[in-house]
Amino acid sequence: MNLKIQAITVASFIFLLSCNNKQETKSNKPQANKTATTQNDSVQNEELPRKESINLFTLTYRDSTDVAFVSLSDIYPLDDTASDTLALPNIEKMEKKAAKYFTLEKKYRNRFLSKTNISETDSLFVYDYAKNKLASFAIKNLKAAAWLNGYSSEEDWPYPKYYYMIGFEISKQSLKGFSDYYSDVIVYAGKENPFANEPLKPIVWKKIPGKDYPSKPMKKEDRALLKSTVAGNTYLYNTATYQYFLQDYLDSDKIIYARRLLVTNSKTKEIIIEKLYSQSEGTSPAPLNGENGDNSFDQYTGKLFKNKPPVVFGFQYESFGCPAISLIDKSNEDIYIQCDNRH
């Protein structure tokens, strides 16, 4: 999703990242705020931690094991203060191999649940939006675990607390039929399932003449960003409710540098949202659906959440941040997935 993604661990975790461009990396020490080059109509202070209207997480494939892992470290950041004795056990007293991945004893589990506002009576809802497949697990039946991130090494021994991802493990046997490497899976922890369980639609783009792209003045900062580019292909996707217009912008080497998305009301033609996705050190344009094969999809739209407007996402890969899901309404809200993206 733009799941940045995303290298988001041991050699197996790095293998996952090479297989899944939607999960990438963060700094060694978890950071509360997500950064991305997606431009939108609202002004955001990126000096402050982001607070999403709903916390969504990624599901990580643990190679050569029978469990998958959901990291909640983005909302449970660890420091390395000696006084914080309830975060993790004394790593120095563990063997190096055992310290790479271990389940939490009750007192550490209780602290983890308390700090993340999760109850034993809550559930973990695992949703594959590409296959419209949902699985739920009672928190009380799940083991909480600590997993050393894959960009650390034995030379870092004894490992600092903030090198760990803290979360839940799920049996892979309970996730049969889900997307390979869980690349299209998002996770929510709470009392009720937030997902609408309505199939999302992969966007099928159709090339159109550039003159058919809606006329809307570009924001000053976007004009400055695109000053050395030229317009490329223009695309359209129609539903009964919305029209999705996409404009490529090419650099001097005729390589796609940015894409501008406008979503309009099909009847009134009013522009509802405007997004600009640009190339940077930490981002790159995602291929349009079908470019990497008939069954290769990144851009999706539809009713993802029960109590929120329809969404659109999948236009950009992230290296250092996390992917965002854009709501199609005037709130202009982007929900960034908590992907624990570090390196």
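Whatever comes next refers back to the structure up there.
Residues numbered from 1 in each chain as written. Predicted model: local features only at pLDDT ≥ 70, side-chain atom pairs only at ≥ 80, totals over all residues. Heavy atoms only, no water.

Across its full length, the protein chain carries three helices and 21 strands. Out of the 343 residues in the protein chain, the part that is buried amounts to 55%. A total accessible area of about 15700 Å² is found for the protein chain, and carbon and sulfur atoms account for 48% of it. (Helix = DSSP H or I, 4+ residues; strand = E, 2+ residues; numbered from the N terminus. Buried < 20%, exposed > 50% of the residue type's maximum accessible area, 1.4 Å probe, protein only. Areas by Shrake-Rupley, 256 points an atom, 1.4 Å probe, with all protein chains shown as cover.)

We now examine the packing of aromatic side chains. All told, the structure shown has 23 aromatic pairs when counted by the stated rule. Pairing Tyr-101 with Trp-147 gives two aromatic rings, centres 6.2 Å apart and planes at 75°, and the pair type is edge-to-face. With a gap of 46 residues between them, Tyr-101 in strand 4 (residues 101-103) and Trp-147 in strand 7 (residues 143-148) connect regions that are remote in the sequence. In this structure, Tyr-101 and Trp-147 share a single accessibility class: buried. Ring pairs connect the aromatic residues Phe-102, Trp-157, Tyr-159 and Tyr-164, which therefore count as one cluster. Of note, Arg-62 hangs over the ring of Trp-147, and the distance from its end group to the ring centre comes to 4.9 Å. Seen from the ring of Tyr-61, Lys-172 lies directly overhead, with NZ or CZ sitting 3.8 Å from the centre. (Phe/Tyr/Trp six-rings, centres within 6.5 Å; stacked < 30°, edge-to-face > 60°. Lys NZ or Arg CZ within 6 Å of the ring centre and 35° of its normal.)

All right, on to the pairing of strand 6 (residues 133-138) then. Pairing geometry for strand 5 (residues 123-128) and strand 6, over six bridges, is antiparallel. Each residue of the ladder has a partner; that of Leu-124, found in strand 6, is Phe-137. From the end of strand 5 to the start of strand 6, which pair antiparallel, there are four residues, and Asn-132 there has a positive phi angle of about 50°. (Pairing = 2+ DSSP bridges.)

Quick look at the nonpolar core now. When a protein is soluble and globular, its nonpolar side chains tend to lie buried together. Leu-59, Tyr-164 and Phe-168 are the most contacted members of the largest nonpolar core, which has 39 residues in total. If you list the elements that add at least two residues to this core, you get strand 3 (67-71), helix 2 (106-116), strand 5, strand 6, strand 7, strand 8 (164-171) and strand 9 (185-190). It is strand 8 that provides the largest number of residues to this core, a total of four residues. Setting aside chain neighbours within four positions, we find Phe-168 in contact with Ala-68, Phe-69, Val-70, Leu-72, Phe-112, Leu-113, Ile-118, Leu-124, Ile-139, Leu-142, Lys-143 and Ala-144. Listed in part, the 18 residues of the second largest apolar core include Tyr-129, Ile-186, Leu-200 and Leu-327. (Core = buried A, V, L, I, M, F, W, Y, C linked by side-chain atoms within 4.5 Å. Contact = heavy atoms within 4.5 Å.)

This part is about the pattern of salt bridges. For the structure on display, the rule yields 11 salt bridges. In this structure, Arg-259 engages Asp-248 in a salt bridge whose closest nitrogen and oxygen atoms are separated by 2.7 Å. Here Arg-259 is found in strand 14 (residues 256-265), whereas its partner Asp-248 is found in strand 13 (residues 242-250), with 11 residues between them in sequence. The same class applies to Arg-259 and to Asp-248, which are both buried. When the shortest N-O distance is used, the salt bridge between Arg-260 and Glu-274 registers 2.9 Å. Here Glu-274 lies in strand 15 (residues 271-278) and Arg-260 lies in strand 14, a separation of 14 residues in the sequence. The residues Arg-260 and Glu-274 share a single accessibility class, namely buried. Salt bridges sharing partners connect three or more residues here, namely Lys-216, Arg-260 and Glu-274. (Salt bridge = Lys/Arg side-chain N within 4 Å of Asp/Glu carboxyl O.)

Attention shifts here to the pairing of strand 3. It is a general feature of regular strands that their side chains alternate between the two faces of the sheet. Across the five residues that make up strand 3, a large majority, five, are buried. Burial along strand 3 is two-sided: the residues Val-67, Phe-69 and Ser-71 and Ala-68 and Val-70 are all buried. The sheet contact formed by strand 2 (residues 60-61) and strand 3 spans two bridges and is antiparallel. Its bridge partner being in strand 3, Thr-60 is matched across the sheet by Phe-69. Turn length for the strand 2-strand 3 hairpin, with the two strands adjacent in sequence and antiparallel, is five residues, and the turn residue Ser-64 shows positive phi of about 60°. The pairing of strand 3 with strand 8 spans five bridges and is antiparallel. Looking across to strand 8, one finds that Val-67 is bridged to Ser-171.

Time to look at the environment of Lys-227. Position of Lys-227 relative to the elements: it lies in the loop between helix 3 (220-225) and strand 12 (230-238). Considering only alpha carbons, one finds Lys-227 and Asp-251, 24 residues apart in sequence, at a separation of 9.7 Å.

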